[in-house]
Amino acid sequence: MAKWIECKISDIGTVVGGATPSTKDPSNYVDREIAWITPKDLSTFRGRFISRGERDITEKGLNSCSTQMLPPNTVLFSSRAPIGYIAIAANPLCTNQGFKSVIPAKDTDPLFLYYLLQYKKEEIESLGSGTTFKEVSGSTMKGIKVRVPEDIGIQKKIGGLLGLIDDQIENNVAINKNLTA
């Protein structure tokens, strides 16, 4: 049996937030430049890997705020309005302030991390605070306790198996959509 260790999210990846360039300056936004994701983009998203959202930002927009480019395989986790939308970056992209994304450490499998955050979603949501709407802070996200296989090979097997199940579900959804079209 594989050895599992108890650790925190911050032990298996780097937690990063995002930001929004000023919407008063239209030159911060353009079609098809730098992918920029918001929780709204994930509200209707049904896959695991996302490449872009409704709007892109410009280089000027990127440099005008504290958002940062996230590498492929970063696990995006919405931290407010609402808490718990999850996707994996298919390519370099950035997010608005509605995320606490996790860049997996080299010994953490991104697909395993995705399913781990899915599993912990209700617990993370319960830790949100705020009066207008609940939000999970970066420090809260970093401190979430998890149990993970020490061996990344075991993580890959678990993520791969769960991924096969989701592949079949996505395939069935596509078939059903074709049958009703």
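So, here is what we can say about the structure in this document. Everything numeric in this text was worked out from a predicted model, so none of it was measured.

### What about the packing of helix H4 (residues 110-126) against helix H6 (residues 152-180)?
Relative placement of two packed helices is described by the angle separating their axes and the distance separating the axes.
1) Next: Running from N to C, H4 and H6 cross one another at 70 degrees; their axes reach a closest spacing of 8 Å. Considered as vectors, H4 and H6 are oriented roughly perpendicular to each other. Seen along the crossing, H4 lies across H6 with a hand that is left-handed. Listed contacts from H6 to Leu111, Phe112 and Tyr115 of H4 are Gln155, Ile158, Gly159, Gly160, Leu162, Gly163 and Asp166.
2) Next: In terms of residue class, the contact of H4 with H6 is built from five nonpolar, four polar and one charged.

### Quick word on the sheet that holds strand E6 (residues 56-57)
Picture the strands of a sheet paired through backbone hydrogen bonds; they go either parallel or antiparallel.
1) Next: Overall, mixed pairing links the four strands, which are arranged E3-E6-E4-E9 in an open sheet. Of all the strands in the sheet, the pair left with one neighbour each is strand E3 (29-30) and strand E9 (94-95).
2) Next: As paired strands, E3 and E6 are joined by two bridges and run antiparallel to one another. Looking across to E6, one finds that Val30 is bridged to Asp56.

### Looking at the side chain of Thr38
1) Next: Tracing the backbone shows Thr38 in the loop between strand E4 (34-37) and helix H2 (39-43).
2) Next: Filtering out sequence-adjacent residues up to four positions away, Thr38 remains in contact with Asn96 and Phe99.

### Some remarks on H6
1) Next: Along its 29 residues, H6 runs 41 Å from first to last C-alpha, staying within 8% of the 42 Å computed at 1.5 Å per residue.
2) Next: Along H6, the positions that sit buried rather than exposed are Gln155, Gly159, Gly163 and Asp166.
3) Next: Buried residues belonging to H6 abut H4 and strand E11 (145-149).
4) Next: Where H6 begins, the side chain of Asp151 points an oxygen toward the backbone nitrogen of Gly153, at a separation of 2.8 Å.

### What to know about the environment of Lys145
1) Next: Topologically, Lys145 is positioned in strand E11.
2) Next: A sequence separation of twelve residues divides Lys145 from Phe133, and the C-alpha atoms of the two residues are 24 Å apart.

### Structural notes on the nonpolar core
1) Next: Within the largest apolar cluster, 23 residues are counted, with the highest numbers of intra-cluster contacts made by Ile9, Ile12, Leu117, Ile124, Met141 and Val146.
2) Next: Elements supplying a minimum of two residues to this core: helix H1 (9-12), strand E7 (75-79), strand E8 (83-89), H4 and E11.
3) Next: Residue contributions to this core peak at eight residues, all from H4.
4) Next: Judged by nonpolar contacts, the second largest core, of eleven residues, contains Leu42, Leu70, Leu76 and Leu93.

Criteria and cut-off values
- Residues numbered from 1 in each chain as written.
- Predicted model: local features only at pLDDT ≥ 70, side-chain atom pairs only at ≥ 80, totals over all residues.
- Heavy atoms only, no water.
- Axes fitted to C-alpha atoms, helices over the stretch in contact; angles between N-to-C directions.
- Helix = DSSP H or I, 4+ residues; strand = E, 2+ residues; numbered from the N terminus.
- Parallel < 35°, antiparallel > 145°, perpendicular 65-115°, else oblique.
- Left-handed = near helix turned anticlockwise from the far one by under 90°.
- Contact = heavy atoms within 4.5 Å.
- Nonpolar A, V, L, I, M, F, W, Y, C, P; charged D, E, K, R; others polar.
- Pairing = 2+ DSSP bridges.
- Expected span 1.5 Å × (residues − 1).
- Buried < 20%, exposed > 50% of the residue type's maximum accessible area, 1.4 Å probe, protein only.
- Polar contact = N/O pair within 3.5 Å; in protein donor to acceptor, adjacent residues only side chain to side chain.
- Core = buried A, V, L, I, M, F, W, Y, C linked by side-chain atoms within 4.5 Å.

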